[in-house]
Amino acid sequence: QVQLVESGGGLVQPGGSLRLSCAASGTIANIYRMGWYRQAPGKQRELVAAVTSGDSTNYGEFVKGRFTISRDNAKNTVYLQMNSLKPEDTALYYCNVDSPTGWGTLLSRYWGQGTQVTVSS
């Protein structure tokens, strides 16, 4: 059983900052990639940021240098520092963990319940 516990969401004014955290627990063989996706009402889920076991990072185009992803491997925790937040950043943010299955290149995907980020004045 795998559980991803997210925290750090909330209400913030435009231009403000939030730091999201996601701690993974349970039976996970090896974490290949950890990251964050978000989904706003009426929109598809989109990648915000991800970091691999090799410390390669990938950011959504909309971030434009405002967000930074990092991880603590010892704690199986990933963080997302969000600065200069905009109203369009308002969404439900989901933690994601990808883990090798042992079957070729197939990965198991795990998702958190989501933490709400609301950017509004």
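See above for the structure.
Please read all numbers here as calculations on a predicted model, not as lab measurements. (Residues numbered from 1 in each chain as written. Predicted model: local features only at pLDDT ≥ 70, side-chain atom pairs only at ≥ 80, totals over all residues. Heavy atoms only, no water.)

(A) Structural view of unusual backbone geometry. In this model, Asp55 sits at a positive phi of 70°, which is unusual for a non-glycine residue. Not every positive phi belongs to a glycine, and Ser84 is a case in point at roughly 50°. Given the relative accessible area of 40%, Ser84 is considered partly exposed. (Buried < 20%, exposed > 50% of the residue type's maximum accessible area, 1.4 Å probe, protein only.)

(B) Layout of the pairing of strand S3 (residues 18–26). Inspection of the sheet shows strand S1 (residues 2–7) paired to S3 by six bridges, in the antiparallel sense. If you follow Gln3 over to S3, its bridge partner there is Ser25. Inspection of the sheet shows S3 paired to strand S8 (residues 77–82) by six bridges, in the antiparallel sense. Each residue of the ladder has a partner; that of Cys22, found in S8, is Val78. (Pairing = 2+ DSSP bridges. Helix = DSSP H or I, 4+ residues; strand = E, 2+ residues; numbered from the N terminus.)

(C) Up close: the packing of aromatic side chains. Tallied over the entire structure, the rule returns one aromatic pair. Sitting over the face of the ring of Tyr79, Arg19 holds its NZ or CZ atom 4.1 Å from the ring centroid. Directly above the ring of Trp111 sits Arg45, whose terminal nitrogen or CZ lies 4.6 Å from the centroid. (Phe/Tyr/Trp six-rings, centres within 6.5 Å; stacked < 30°, edge-to-face > 60°. Lys NZ or Arg CZ within 6 Å of the ring centre and 35° of its normal.)

(D) Here's a closer look at the pairing of strand S10 (residues 107–111). Strand direction decides the pairing type here: strand S9 (residues 91–100) and S10, joined by five bridges, are antiparallel. Directly across from Pro100, in S10, lies its bridge partner Leu107.

(E) Representation of the sheet that holds strand S7 (residues 67–72) in the model. What the four strands build is an open sheet, ordered S1-S3-S8-S7; its pairing is antiparallel. The open sheet terminates on both sides in strands that have one partner only, identified here as S1 and S7. If you compare each strand with its neighbour and ignore which way they point, the axes differ by 15° on average. As judged from the six bridges shared by S7 and S8, these two strands associate in the antiparallel manner. (Axes fitted to C-alpha atoms, helices over the stretch in contact; angles between N-to-C directions.)

(F) The arrangement of the nonpolar core in detail. Core analysis: the largest hydrophobic core is formed by 27 residues, its most contacted members being Trp36, Phe67, Val78, Leu80, Met82 and Tyr93. For this core, the elements supplying multiple residues, two or more each, are S3, strand S4 (33–39), strand S5 (46–52), S7, S8, S9 and strand S11 (115–119). (Core = buried A, V, L, I, M, F, W, Y, C linked by side-chain atoms within 4.5 Å.)

(G) Molecular detail of the side chain of Asp98. One can find Asp98 in strand S9. Polar contacts involving the side chain of Asp98 include one to the side chain of Arg109, which spans 2.8 Å. Discounting chain neighbours no more than four positions away, the residues touching Asp98 are Asn30, Ile31, Tyr32, Arg33, Leu107, Ser108 and Arg109. (Polar contact = N/O pair within 3.5 Å; in protein donor to acceptor, adjacent residues only side chain to side chain. Contact = heavy atoms within 4.5 Å.)

(H) Highlighting the pattern of salt bridges. Per the counting criterion, the structure on display carries six salt bridges. Across the pair Arg38 and Asp89 runs a salt bridge whose closest N-O atoms are separated by 2.9 Å. With Arg38 in strand S4 and Asp89 in the loop between S8 and S9, this pair connects stretches of sequence that are 51 residues apart. Owing to a relative accessible area of 6%, Arg38 belongs among the buried residues under this scheme. Look at Asp89 and you get buried, because its relative accessible area is 1%. The residue Asp98 makes a salt bridge to Arg109 at a minimum N-O spacing of 2.8 Å. Within this pair, whereas Asp98 is found in strand S9, its partner Arg109 is found in strand S10, the two being separated by eleven residues in sequence. (Salt bridge = Lys/Arg side-chain N within 4 Å of Asp/Glu carboxyl O.)

The analysis is restricted to geometry; functional conclusions fall outside its scope.
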